[in-house]
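Listed here are the chains, written in short residue letters.
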Amino acid sequence: MKIPGREVLEKIYGEFDVSGARYEKLAEKFESLFHRDDAEFFTAPGRTEIVGNHTDHNGGKILAASIDMDTIGAAASNTTGVITIISEGYSKPIVVDLKNLADAPKEQGSVSLVAGMAEAVQSMGYRVGGFDAYVSTEVIPSAGVSSSASFEMLVCAILNYFYNENRMTYAEYARIGQYAENHFWNKASGLMDQMACAAGGAILLDFSDGVKCEKRAFSFSDYGYELVIVNTGKGHADLSAEYSSIPNEMKAVAAELGVSLLCESSKAALMEKLPEIRKKLGNDRAILRALHFYTENERVEEIDAAIAAGDKDAILAVLTASGNSSWKWLQNCHVATAHEEQSICMALALTEMFLKEIGDGACRIHGGGFAGVIMAAVPKERVEEYKAYIGRLVGEENVHPMNIRQTGAVHVE
């Protein structure tokens, strides 16, 4: 089984030695586990949200991107009608019998996701079939870079290549992943994670009327920065109520504006009715979150214009403003009822101090918030210094420099 060539891997990863070794190991494991040597190779990246924190669920806008951490797989089709996926580090295979999707378990992790995706593919009029796969990932779990969406998009790429002549679009990939999470995992996810993992590069998303996706020519490295993701050490498992409160409160304000989602009204309408809405709801945080939604949409437009103009200072300023709005208005940097634990706020405060000292860069909450990770745009020449600095708080092994990659979820030729 021949691994992808140097030219192909250098195009995806910017290097060959490390990536080539990963694919060599992948091929060896596939052969030893499945006793066949006819696998094809696939890759799907993780993602980062640049600006647009908690806007998608109310029809907002987001600038997001794929990152250079990815999930890779060696896979070969079979005629058994069974999908078997073995993941590095997990002893139990994922096994889905396509003839018995109705009996597939719900809310049981990856096996539920794969079954849900197979059902979604069929419901869209595409074909599904069995395959054997060995999968390895570098996408950090529980770190806001969408390890689950990366895995989902990898499975979509496999099904698209083997059974659908690559006719499925990235938007359909995203809906397939969303369907699986909504109906087989009982997770109220949107489409941002899947779209950013599927498409590759930076993308401007608009959810006001379905989902519109436009590519943008942007990378932090173009401006002399690295994107650094800092895992503050607390996961997301017990925070469902906190996450749900954000869209629910925004929709409560939307209802007072006579609409279902905030995108269907305007900041001006909210400002006009603000006193009476405040009195009726009795929830200032809900109104602040709605104001965050409207101003965050404006910031997405501002950073898009700054990218078009190549204006580095404006890009950093919008990143900073977005982070401040999430911290002060959206209020998703710590749990209000557990004020003693503020790992996100601590990491942001220390990062702000570092960036002020060097006079450059930006930082903000990353992803859902309340716990998990922050992101920072740090000058390349100061990354190791920042890693050691913030590593004193979280451990250097939890500080991850990365960049935007241009290749999405694909079959590796």
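The present account deals with the structure reproduced in this document.

1. Some points on the sheet that holds strand 10 (residues 373-379)
Reasoning step 1: With respect to topology, four strands assemble into an open sheet ordered 9-10-8-11, the strand pairing being antiparallel. Each of the sheet's edge strands pairs with one partner strand only, and the pair in question is strand 9 (362-366) and strand 11 (399-402). Averaged over all neighbouring strand pairs, the angle between strand axes comes to 25°, with direction disregarded.
Reasoning step 2: Pairing of strand 9 with strand 10 involves five bridges; the strand directions are antiparallel. Bridge assignment links Cys363 to a residue of strand 10, and that residue is Ala376.
Reasoning step 3: Packing against the sheet, helix 11 (residues 343-358) makes contact with strand 9 and strand 10, and its axis sits at approximately 10° to strand 10.

2. Focus: the packing of helix 3 (residues 110-123) against helix 4 (residues 147-163)
Reasoning step 1: Contact pair helix 3 / helix 4: the axes reach a minimum separation of 11 Å and the direction vectors enclose 45°. As the angle between them shows, helix 3 and helix 4 are arranged oblique. Crossing handedness for the pair helix 3 and helix 4: right-handed. Contacts from Ser110, Leu113, Val114, Met117 and Val121 in helix 3 reach Phe151, Glu152, Val155, Cys156 and Leu159 in helix 4.
Reasoning step 2: Split by residue class, the contact of helix 3 with helix 4 holds eight nonpolar, one polar and one charged.

3. Description of the pattern of salt bridges
Reasoning step 1: One pass over the structure, following the stated rule, counts 22 salt bridges.
Reasoning step 2: In this structure, Glu301 and Lys61 form a salt bridge, with 2.6 Å as the shortest nitrogen-oxygen distance. Here Glu301 is found in helix 9 (residues 284-309), whereas its partner Lys61 is found in strand 2 (residues 61-77), with 240 residues between them in sequence.
Reasoning step 3: Overall, the relative accessible area of 44% leaves Glu301 in the partly exposed class.
Reasoning step 4: By relative accessible area, Lys61 is classed as partly exposed at 23%.
Reasoning step 5: Residue Arg216 pairs with Glu214 through a salt bridge whose shortest N-O separation is 2.8 Å.
Reasoning step 6: Relative accessible area serves as the criterion here: at 42%, Glu214 is assigned to the partly exposed category.
Reasoning step 7: Counted as one network, the salt bridges with shared partners bring together Arg22, Asp70, Glu138 and Arg405.

4. A closer look at a negative patch on the surface
Reasoning step 1: On the surface, Glu24, Glu28, Glu31 and Asp37 cluster together into a negatively charged patch.
Reasoning step 2: Here Asp37 is to be found in the loop between helix 2 (17-34) and strand 1 (40-51).

5. Considerations on unusual backbone geometry
Glycine aside, a negative phi is what most residues show, and trans is what most peptide bonds show.
Reasoning step 1: Positioned with a positive phi, His54 is a non-glycine residue whose angle comes to about 55°.
Reasoning step 2: Residue class for His54 comes out buried when judged on its relative accessible area of 12%.
Reasoning step 3: One non-glycine residue, Phe370, lies in positive phi territory at about 70°.
Reasoning step 4: Considering the arrangement of structural elements, one finds Phe370 in the loop between strand 9 and strand 10.

6. What about helix 3?
Reasoning step 1: In this model helix 3 runs 20 Å from its N-terminal to its C-terminal C-alpha over 14 residues, within 8% of the 20 Å that 1.5 Å per residue would give.
Reasoning step 2: A large share of helix 3 lies buried, amounting to ten of its 14 residues.
Reasoning step 3: Within the span of helix 3, buried status applies to Val111, Ser112, Leu113, Val114, Ala115, Gly116, Met117, Ala118, Ala120 and Val121.
Reasoning step 4: On its buried side, helix 3 packs onto strand 3 (82-87), strand 4 (94-97), helix 4 and helix 5 (170-184).
Reasoning step 5: Note on helix 3: the residue one or two positions beyond its end, Gly125, has a positive phi of about 90°.

Reading guide: rules and limits
- Residues numbered from 1 in each chain as written.
- Predicted model: local features only at pLDDT ≥ 70, side-chain atom pairs only at ≥ 80, totals over all residues.
- Heavy atoms only, no water.
- Pairing = 2+ DSSP bridges.
- Helix = DSSP H or I, 4+ residues; strand = E, 2+ residues; numbered from the N terminus.
- Axes fitted to C-alpha atoms, helices over the stretch in contact; angles between N-to-C directions.
- Contact = heavy atoms within 4.5 Å.
- Parallel < 35°, antiparallel > 145°, perpendicular 65-115°, else oblique.
- Left-handed = near helix turned anticlockwise from the far one by under 90°.
- Nonpolar A, V, L, I, M, F, W, Y, C, P; charged D, E, K, R; others polar.
- Salt bridge = Lys/Arg side-chain N within 4 Å of Asp/Glu carboxyl O.
- Buried < 20%, exposed > 50% of the residue type's maximum accessible area, 1.4 Å probe, protein only.
- Patch = residues over 30% accessible without salt bridge, like charges linked within 9 Å, V, L, I, M, F, W, Y side chains within 5 Å.
- Areas by Shrake-Rupley, 256 points an atom, 1.4 Å probe, with all protein chains shown as cover.
- Lys, Arg positive; Asp, Glu negative; His and termini not counted.
- Charge placed at Lys NZ, Arg CZ, Asp CG, Glu CD.
- Expected span 1.5 Å × (residues − 1).

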